[in-house]
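# Remarks on the overall topology
So you can see what is in the structure, the chains are spelled out below.
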Amino acid sequence: RAATYLDEELQSWEGYTAAELGIDADAWATWALTGATYELSSVYAYDDGTGSAYFDTEARNLNSIINEADTELYDYLSEHGLSVRDGEEPAPLSEEQRAEVAALWQDACERAASLEGAFVSVELARVGETWTVDEESLDEALESALGLY
């Protein structure tokens, strides 16, 4: 999900996918999620067969990292005549440019990366004898904890 988010953001802002820029989205996502933690804070079960679980989380805010790193990426692309205007096809980067962008991107991300705390919750439902997590609330909790917005 983090790799897809990166690709969508880069495509939206710069007109290039991560791969076109020389950025390994999967490796970036693995790096970005390293160190993320969660700790169950409390769980409540209600008489109607529903419940809630609350977590303290610590993770990198992926949106903030991308915003910070994109400033340097934008400058690089502009300086090298690689900016994409509306309706234009992106010009392919040379292998050397892709390597430069990848190094610039990783350095900028590392400077912008810090763990941030969040308090999130997920909804639960009892199905027979098993408590299950509501997928939509889990998705919202992950978006909040990781800054995917």
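Residues numbered from 1 in each chain as written. Predicted model: local features only at pLDDT ≥ 70, side-chain atom pairs only at ≥ 80, totals over all residues. Heavy atoms only, no water.

## Examining the packing of aromatic side chains
One pair of aromatic rings is described through two measures. These are the centre distance and the angle between the planes. The test is simple: Side-chain rings of Phe, Tyr and Trp (the six-membered ring for Trp) are treated as a pair once their centres are within 6.5 Å; stacked means planes under 30 degrees apart, edge-to-face means over 60, and tilted covers the remaining angles. Segments assigned H or I by DSSP are reported as helices when at least four residues long, segments assigned E as strands when at least two residues long, and all are numbered from the N terminus. Exposure categories follow from relative accessible area, calculated using a 1.4 Å probe and restricted to protein chains: below 20% of the type maximum is buried, above 50% is exposed, and the middle band is partly exposed.
In this structure the tally under the stated criterion is four aromatic pairs. Look at Tyr38 and Phe55: their rings are 5.8 Å apart centre to centre, the planes differ by 75°, and that puts the pair in the edge-to-face class. Taken together, the residues Tyr38 in strand β1 (residues 37-45) and Phe55 in strand β2 (residues 50-60) connect sequence positions 17 residues apart. Judged by relative accessible area, Tyr38 falls into the exposed class, the value being 64%. Taking 6.0 Å as the distance between ring centres and 75° as the angle between the ring planes, the aromatic pair formed by Tyr44 and Tyr54 counts as edge-to-face. Of this pair, Tyr44 sits in strand β1 while Tyr54 is found in strand β2, placing the two residues 10 residues apart along the sequence.

## Quick look at the layout of surface pockets
Formally: The pocket and cavity definitions rest on a 1 Å grid over protein atoms only: a 1.4 Å probe that fits but cannot leave marks a cavity, an open set with protein on both sides within 12 Å along at least five of seven lines marks a pocket, and residues lining either have an atom within 4 Å of a point. Grid points are joined across faces, edges and corners, and a volume is the space filled by probe spheres set on the points. All amino acids are sorted into three groups, where Ala, Val, Leu, Ile, Met, Phe, Trp, Tyr, Cys and Pro are nonpolar, Asp, Glu, Lys and Arg are charged, and the leftover types, Gly among them, are polar.
When its volume is computed, the largest pocket comes out at roughly 250 Å³. Looking at the largest pocket, it is lined by 14 residues, and the ones nearest its centre are Tyr38, Thr57, Val120, Leu142 and Ala145. Where the lining of the largest pocket is concerned, the elements lending two or more residues are β1, β2, β3 (115-127) and α6 (135-146). Tallying contributions element by element places α6 first for the lining of the largest pocket, with five residues. For the lining of the largest pocket, the residue count by class is 11 nonpolar, two polar and one charged.

## Comments concerning the side chain of Asn61
Put simply, the rule is: Under this definition, polar contacts are N or O atom pairs within 3.5 Å; protein pairs additionally need one hydrogen-donor-capable and one acceptor-capable atom, and for neighbouring residues in sequence, both atoms have to be side-chain atoms. Contacts were defined at the residue level, with two residues in contact if any of their heavy atoms lie within 4.5 Å.
Here Asn61 shows up in the loop between β2 and α4 (62-79). Assessed through its relative accessible area of 9%, Asn61 is described here as buried. A polar contact is formed between the side chain of Asn61 and the backbone nitrogen of Ser64, at a distance of 2.9 Å. Every residue in contact with Asn61, bar those within four places of it in the chain, is listed here: Ser114, Glu116, Leu146, Gly147 and Tyr149.

## A word on the environment of Ala25
Assignment of secondary structure puts Ala25 in helix α3 (residues 25-33). According to the relative accessible area criterion, Ala25 is buried, its value standing at 13%. With 23 residues separating them along the chain, Ala25 and Asp48 place their C-alpha atoms 43 Å apart. Setting aside residues up to four positions removed in sequence, Ala25 forms contacts with Ala3, Leu6 and Ala18.

## Overview of a nonpolar patch on the surface
Rules: Exposure above 30% relative accessible area and no salt bridge define the residues that can form patches, which grow by joining like charges within 9 Å and nonpolar side chains of Val, Leu, Ile, Met, Phe, Trp and Tyr within 5 Å. The Shrake-Rupley method, run with a 1.4 Å probe, gives the accessible areas here. Residue values count only the displayed protein chains as cover. Think of a salt bridge as a Lys or Arg side-chain nitrogen and an Asp or Glu carboxyl oxygen that are within 4 Å of each other.
The grouping of Val133, Leu138 and Leu142 at the surface amounts to a nonpolar patch, some 210 Å² of accessible area in total. When you line up the elements, Val133 lands in strand β4 (residues 130-133).

## Some points on the sheet that holds β3
To be explicit about the condition: Only when DSSP finds a minimum of two bridges between them are two strands counted as paired. Fitting a line to C-alpha atoms yields each axis, with helices limited to the stretch in contact; the angle taken between N-to-C directions then spans 0 to 180 degrees.
An order of β1-β2-β3-β4 is seen for the four strands of this open sheet, with the pairing classed as antiparallel. Among the strands making up the open sheet, the edge pair consists of β1 and β4. Strand after strand, the sheet turns through a mean of 30° between neighbouring axes, direction not considered. Contacts from α6 reach β2, β3 and β4, with the element oriented near 175° to β3.

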